[in-house]
Amino acid sequence: MLSFRLALSTRTDATWHWDTDRWCRGDSWIRPVVHPALRHDIDQRPGVTTVLVRDAASPLTLPETTHHNRRDDSVAGAERGDALLLRIQPGQITLTSGAGGTVPLYLAADGGALHGAWGLPALRHLTGRSGLLDRAVARALTRRHRYTSDTLFTDVTMLTERATATFNESGLRTAYPAPAEHVMQSRVLRPGVEPTAVLAHLLTDALRPWHESNIMMGLELSGGLDSATIAVAARTTASTPLRTFGLIVNGALGEEQHRRRLTIARKVGAVDDILRAHDHAPFCESGIRASGAAHDPRGEFYREAFEALAERAARSGVGIMLTGNGGDEIMAPRIDELPPPPPQPLTEVSWLGPRARDAVVEIDDNLAPSAVLPTPTLMGFAIHHPAYLRSGIWPVAPFTHPPLGRFAEQLPLELRRHKKLYRDFLALASLPPLVTHPQRTEHFRDLMQHGLRHNGLRLAERLLADGMILADQGFVDPDALRRTVQRAHQSATVPSVLCDTLVLEVGLRSLLAPTTTPAA
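To start, this report covers the structure provided alongside it.

What counts and how
- Residues numbered from 1 in each chain as written.
- Predicted model: local features only at pLDDT ≥ 70, side-chain atom pairs only at ≥ 80, totals over all residues.
- Heavy atoms only, no water.
- Helix = DSSP H or I, 4+ residues; strand = E, 2+ residues; numbered from the N terminus.
- Buried < 20%, exposed > 50% of the residue type's maximum accessible area, 1.4 Å probe, protein only.
- Pairing = 2+ DSSP bridges.
- Axes fitted to C-alpha atoms, helices over the stretch in contact; angles between N-to-C directions.
- Contact = heavy atoms within 4.5 Å.
- Parallel < 35°, antiparallel > 145°, perpendicular 65-115°, else oblique.
- 1 Å grid on protein atoms, 1.4 Å probe; cavity = no way out; pocket = protein on both sides within 12 Å on 5 of 7 lines; lining within 4 Å.
- Points joined across faces, edges and corners; volume = space filled by probe spheres on them.
- Nonpolar A, V, L, I, M, F, W, Y, C, P; charged D, E, K, R; others polar.

Our focus in this paragraph is unusual backbone geometry. Note: most residues except glycine have negative phi, and most peptide bonds are trans. Of note, R162 is a non-glycine position whose phi angle comes to about 60 degrees, a positive value. Note on placement: R162 falls in the loop between strand 11 (157–158) and strand 12 (164–168). Its relative accessible area of 12% is what places R162 among the buried residues. Phi is positive for S430, close to 70 degrees, though the residue is something other than glycine.

Below, the structure is given as structure tokens:
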């Protein structure tokens, strides 16, 4: 929601002034994201400056955050929307995040200055001299992702939801909030309650502030149950036609996906736009990873295709993008109802080096407590949403509306399992079984294989020949990786987890290269 450089030495009696795209005072500056879906205010009083950035759904106002009885708790405890509060006092800087986690905030101290940015590449002048955090690298290599303030770099921290960061002469420290409370047991529906009507009401409530913003709205429409549900809900409250955007995969699976998307788009009266995902396969020459531009190593493996989609939506004038993110998580069975599948076996990452193997036991260290939103959703936001923001689009996930999450937590398992509630909702909207009960659902596994086979193996050979950062630092065994690549040339499939290693290596190289390279 903002980026900044704040020096403790800057005179606090001086006045902040707006200059082009930021507030400035001495050698300190604060640059909020300027977007019609966001509001940013500054309050200057003797001895304290308060900055509040919040989205259109947030009910917070600056007077609430400066009131002595509410202060930082008003941001962390807001019932809807997302916000970030920055407070600057003599010798101390404090940040408190809201529960929405829409975009990340990365923090790094540099002597007497605190740097913050929603895009990790903006801090690459600091990551270049930071060490790698062993447990974070091990998580990335083994697909054991966790929601935490850790980043890949020892000197860079991510401010997690409802957390507080404090910077003073003693340095930067972050404090996690108390665990969020959740309904831990499903309940029996009262007679006469129609859950699909409740779902429609809650989605309408989630969408209302965005429709009232009068910003052109798009929808990331995959053709699955989650995005179809959002499409139907948005149609009932929108005053103008939706613009829908989707990535279509190749083959029979893509043909079926295309038919589902067309059916949904016609039903809701959307103006539809598609992009062939295989034209932007992982590690393709036209993509960000091949360009060498500085980028976050944590991006999705299909980042090239997704960023092309975001750019196309931006060229179409979209300012807000609705997504179905979070729809899986709020319908997911709890652990006591259905145990989750086991993690990826470490034997499948046979090229782990000694430093990564030793760090596996630390993977669950420094985890954030239970969050208001599902932690897989928040982790997805941190990876997925910066690309939208770079394109001038504010992403909105209606399934993360807190009242909807509380409703879903109480639903009987039979309504959540296999997303029966969504299927019933879509059937009531007269969508056919092609949409409500598809024979096959879309996935990007074939896209990953295509990218690895046509681009990734050559990339791996080049990286091994040049010398890999991960190998030099003991996270990867280069000989074992070389054998894996050689075998992959002869096998029907390429190990999918190889993609994670390549994504991480290329991303690290982009951040550790000279800062003359462009940032993305």
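Before going further, it helps to examine the sheet that holds strand 13 (residues 171–175). Taken in spatial order, the six strands of this open sheet run 5-6-7-8-12-13, and their pairing is antiparallel. Edge positions in the sheet fall to strand 5 (38–45) and strand 13, since each of these pairs with one other strand and no more. In this sheet, adjacent strand axes meet at a mean angle of 10 degrees when their direction is disregarded.

This part takes up the pairing of strand 6 (residues 48–55). With eight of eight residues buried, strand 6 lies mostly within the body of the structure. Of the two faces of strand 6, the one lined by V48, T50, L52 and R54 and the one lined by T49, V51, V53 and D55 are each fully buried. Of the pairings in the sheet, the one linking strand 5 to strand 6 comprises eight bridges and is antiparallel in character. The residue of strand 6 that forms the bridge with L38 is D55. Following strand 5, the chain reverses through two residues before pairing antiparallel with strand 6; G47 in that reversal takes a positive phi of roughly 85 degrees.

With that out of the way, let us pick up helix 15 (residues 420–428). Looking only at helix 15, the buried set comprises L421, Y422, R423, F425 and L426. In this structure, the buried residues of helix 15 make contact with helix 5 (195–212), helix 6 (225–237), helix 10 (327–331), helix 13 (402–410), helix 14 (413–416) and helix 16 (433–436). Looking one or two residues past helix 15, S430 carries a phi angle of roughly 70 degrees, positive in sign.

What follows concerns the packing of helix 4 (residues 134–142) against helix 20 (residues 498–512). Where helix 4 meets helix 20, the axes come as close as 7 Å, and the angle between the chain directions of the two elements is 135 degrees. Taken together, the axes of helix 4 and helix 20 lie oblique to each other. Facing helix 4, whose interface residues are V137, A140 and L141, helix 20 presents D500, T501 and L504.

The method is simple in principle: a probe with the dimensions of a water molecule rolls over the atoms, and the space it marks as empty is what remains. Under the counting rule described, the total for this entry stands at four cavities of 30 Å³ or more. The computed volume of the largest cavity comes to approximately 290 Å³. Secondary-structure elements contributing two or more residues to the lining of the largest cavity are helix 5, helix 12 (375–390) and strand 18 (394–396). With three residues, strand 18 is the largest single contributor of residues to the lining of the largest cavity. Along the lines of polarity and charge, the residues of the lining of the largest cavity split into 14 nonpolar, six polar and three charged. Lining the second largest cavity are 17 residues, and of these S97, G101, V103, P104 and L159 sit closest to its centre. Listed by contribution, the elements that provide at least two residues to the lining of the second largest cavity are strand 7 (83–89) and helix 12.

Volume-wise, the second largest pocket comes out at about 370 Å³. Along the walls of the second largest pocket sit 22 residues, with S3, R31, A117, W118 and A122 positioned nearest its centre. Secondary-structure elements contributing two or more residues to the lining of the second largest pocket are strand 1 (2–7), strand 4 (28–32), strand 10 (113–117) and helix 12. Split by residue class, the lining of the second largest pocket holds 13 nonpolar, five polar and four charged.

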